[in-house]
Amino acid sequence: MLVVGGGFAGVAAAWALSSRGRDVLMTWEGPGASALYCGALDRADWAGPVDPRPLSRDAEAFLAALGCWAPPGSMGARLATTAGVLRPARCRDRALLDLEPLRGQSIGVVDFGRPGWDARALAEAWSQSGWARLTRTEFRVVSVAVPEAELEALRWLAPADLAARADDPAWAALLGTALRSAGNAESPLLLGPWLGSLPDSVERVRELVRRPIGETLCDPGGAAGWRWEAARDAWLERSGVAVRRGEVHALRPLEPGFEVLGSWPVGADQSLLEGHFSEVILALGGVLGGGIRFLSGAGPSGRSFSLSLDAPVALRLGGREVALSSGALGADLQRLGLEALSDVGLWVDEQQLAHAPDLYAAGDVVADRPRSALEAIYAGIGAARTVCRVRASISP
Amino acid sequence: MAIELGGERPDVDVIVIGGGVNGAGVARDCTQRGLSVALFERNDIAFGASGNNSGMIHGGPRYLTYNPDVTYTSCLDSGHIQRIAPHLLFRIPFLMPVHRERRGAKLALTLLDAFFDLYDKYQPLKHGKPHAVLTAEELQQLEPGLAGNTVGGVSFDEWGIDGVRLCVGNLVDATEAGADVRVHTTVTEILRREDGSVRGVRFRDLLSGEAGVRTSKVVVNATGAWAPLTAALGGLVPEQARIRPGKGIHVYFDRRLTNYAIAVRAIDGRQVFLEPWQNMSVIGTTDTDYYGDLDDVVATTAEVRYLIQAVARVFPAILEARAIGTWAGVRPTLYDWGPDPDGLSREHEVVDHGPHGAPGLYSMIGGKLASYRLFAEEMTDVIAKRLGVKVATRTHVTPLPGGEELVDPIALAEDAGIEPIAAARLEYRHGARSLRIVEQLERDVRQAAVLCPCEPVLEAEVRYVVQHEWAQTVDDVSRRTRLGLGACGGMRCAARCGAIVAELTGRSPLDGQRMALDFLEGAARRRLSAVGSVQARQEALSIAAVRSQLGTSRGIERPSGHLGPTGLGPKATATAQKRGAAE
């Protein structure tokens, strides 16, 4: 089995396969859309009620195995964004402050005087949101005194750099001590995504603060993505799933299975490694993750949308196969709409089978599915289950 | 409403409709000559052609052969603008290669040389350098990205300018001399007395819903491409202020691709260009008859590809470059049936609607950015004569706000403790007024935060343009500061900007979020026609980022309680009413 792609969908598939005793090789080239996620799992309709159904057993087991996510509560989670919104989510990164259990309390919004973090404006925006008014939850600015020597870093480091700084135990101790005595000693504390780039760092600060404390959602490229990658790598190490980092160029159909052509850097030099796999799960990501490329009309000839590797499948958009595009005569994104960038993808059936024997697809690379972390995890697990079922049915 | 009396005392001498460069120029000239002025702008300052052009006050060598008067006045006034707003000008040296495959290429180069000899006579008026004839090797050396077999080419000199800043400068100056400027306020009717003469206007603030009447002795229709529509508001037939609307589009890139502007021929023989402009490169422009919605002019994919194809023939790297946006405007060209749009006159004229039975109403038709000041002067001369004012114009010698003295950006950066690049961009936009903006940092150091890292724009500047330059939405701030127009498409700054604008204009944080989403969706729509391979991933990232932080405009919660007529909260309506009452 080969799983191409190391994001939510690919790792979920690898987890499901390995937990069913399958022999899996994972490969991916670099970070994709999952590494840019903001810390919330799913993209619910914010205005509507939270989906009350529990997660599937497999999905819950996967979240637990990775360890960076809090188990989903029955109400879902309520998270704060740096754009001043309180949004619902099914699950969240552990480091984020879930406001749902803190209804009706006065939440302290931490203020170090960071120029990009206007605590006063954020507190006001959150307090005025419908959820806060409904639940009588308040947000108040809590100024935190920090030693003069550390002030510069706290104020001027970029959010992700500040989070990485908190991985240093000395810094975590300093931060924890400063936060412990801030404002009303009872009230929960909400701050930006600065509590650490590793899941353990966050817990270290929490132990020192001794009251509910957590982050807002982060911008793309923030701490939540780093913590997911750290959790993934730790799980891969524990589970013994083989990983070969590199780029897959092509899948050549064999009977049965595929010949996989790609370049995997080994040490300092690039050696070409060819392999033969009975089944392949494509979890390459969409346009954002780099699994699907877009060529503008003025670019070299080719398809306007194309898979980043050569495989015996076609991309679809709006129920039709993506048409040829050449020179200045190609798909018109203005007419298709911005949604085309997230709707385009491989066409799969209910079994995640990508209309080619032994080829499965999951996550953003699939057409017409919601682009959310939870959807990717479900699809990855789904593809792995189908693989196992098909194998079981053909095995003697 | 006031009782209609023949001898009623009007609120102001002059009402100007339109906050483009012509309206702003007239408002400034009138106030300088001691007239009281009120100006109404339906959208935003420089919303139309004034803010969506090639960003040059060029002398118009194109018009030299058939309309040398336009070239002369453009060059002369370009020189005046340099004197009154030196901070807003930047030199754009052009290269015009001549390709060998053209029949008689050598002769063409000789003719071009002779042509630019003639143009050189006008260059001193605008402090431009004379042209030079260059060999193929010299061209290649100056711009290594040039492709194709050339026999050489010529260089010539033009000046770049930010049209929005020019309009804002004129209006700030007018306001400081007593003019009342109202943005996002549409004129719903031009009021006339029984004898047909104009009495004033009826207006409505599109943000607060507040409506009212303002009376005046003269009404100036300076609404550019909207001129026929505006004339109709006064009971005239649209043809009495008719124009030939010509749409022009531009595509901009994430960086400066060349040091020189390059003039090239498109497939149909039209002259188009690639120019370095502020901190990016721009290609332009088209000129096509336009009969669509003037409040919503967007470049189409077909227009973008036409331009890219033209430039790629001479500068192939454009195909790999990352286009990050487009802008489009409609030129209010003098009406003429027949000629193709490029052949239309760029002259301007004042239409006196007296003979149409509406004395006191004037329409400004045609014109170009480079000669806006002259056009405004001519319009004001007509008004002054009608109102018996015997003061000559001084708009060509008195500096625009910020143009009084030159500020060194490096010293500004050191004094204010901000990045030199931020200081340089701030100084470009505001000239000496940048000192007032950094003064805000002394009171509140947090305003030194870089809100938009692409441009960059400081929080202090955002606050300044809301408080002193009529910005009332994120879109307005972006127009004045170029916030959110860079490579990240506003992903990092729109929400914060919306929060600040909402706070300063007495609206709720939710209104701020909605404004940010409106801006992001509008900007994405303008980008779509130009999105290429690299930009596609950025677009996908922007969608994901916005959805995770702000939601979608459909999903964003609506404020409860009483809403103003436009969906603004009660606080905003109250603020607007207070403002109206104070006046």
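Let me sum up the structure you'll find in this document. Here the structure is a predicted model, which means the values were calculated and not measured. (Residues numbered from 1 in each chain as written. Chains lettered and ligands numbered in written order. Predicted model: local features only at pLDDT ≥ 70, side-chain atom pairs only at ≥ 80, totals over all residues.)

Description of the overall build of chain B
Within chain B, the regular secondary structure consists of 17 helices and 19 strands. Taking 583 residues into account, the globule formula puts the C-alpha radius of gyration at 25 Å, and chain B, at 24 Å, falls close to it. Taken along the three principal axes of its C-alpha coordinates, chain B extends 75 × 60 × 45 Å. Sorting the 583 residues of chain B into buried and exposed places 59% on the buried side. In chain B, the share of contacts with a sequence separation of at least 24, taken over all contacts with a separation of at least 6, comes to 70%. (Helix = DSSP H or I, 4+ residues; strand = E, 2+ residues; numbered from the N terminus. Rg over C-alpha atoms; globule rule 2.2 N^0.38 Å. Buried ≥ 20, exposed ≤ 12 C-beta atoms within 10 Å, placed from the backbone. Contact = placed C-beta atoms within 7 Å.)

Re the pairing of strand β10 (residues 243-253) of chain B
A regular strand places its side chains on the two faces of the sheet in alternate fashion. Residue and element names in this part refer to chain B. Burial of β10 is extensive: 11 of the 11 residues sit out of reach of the surface. Side-chain alternation along β10 places Ile243, Pro245, Lys247, Ile249, Val251 and Phe253 on one buried face and Arg244, Gly246, Gly248, His250 and Tyr252 on a second face that is also buried. By the bridge criterion, 11 bridges tie β10 to strand β15 (residues 323-334) in an arrangement that is antiparallel. For Gly246, the partnering residue across the bridge sits in β15 and is Arg331. The pairing of β10 with strand β14 (residues 288-289) spans 2 bridges and is classified as antiparallel. By the bridge assignment, Gly246 is partnered in β14 with Asp289. Relative to strand β13 (residues 280-284), β10 is paired through 3 bridges, and the arrangement is antiparallel. Within the sheet, the bridge partner assigned to His250 lies in β13 and is Gly284. (Pairing = 2+ DSSP bridges.)

Regarding the sheet that holds strand β20 (residues 315-317) of chain A
All names here are of chain A. The strand order across the open sheet formed by 3 strands is β21-β20-β23, and the pairing between neighbours is antiparallel. Looking at which strands have only one partner, the edges of the open sheet turn out to be β21 (320-321) and β23 (345-346). Taken together, the 2 bridges between β20 and β23 define a ladder with antiparallel strand orientation. Residue pairing in the sheet places Arg316 in a bridge with Gly345 of β23.

Quick notes on the sheet that holds strand β24 (residues 359-361) of chain A
The strands making up a sheet associate through backbone hydrogen bonding, with each pair oriented either parallel or antiparallel. Residues and elements named next belong to chain A. In space, the 5 strands of this open sheet follow the order β12-β2-β1-β16-β24, with parallel pairing throughout. Where the open sheet ends on each side, the last strands, each with one partner, are β12 (242-243) and β24. Bridging between strand β1 (residues 2-4) and strand β16 (residues 280-282) involves 3 bridges; their strand directions are parallel. In the sheet register, Val3 faces β16, and the bridge partner there is Ile281.

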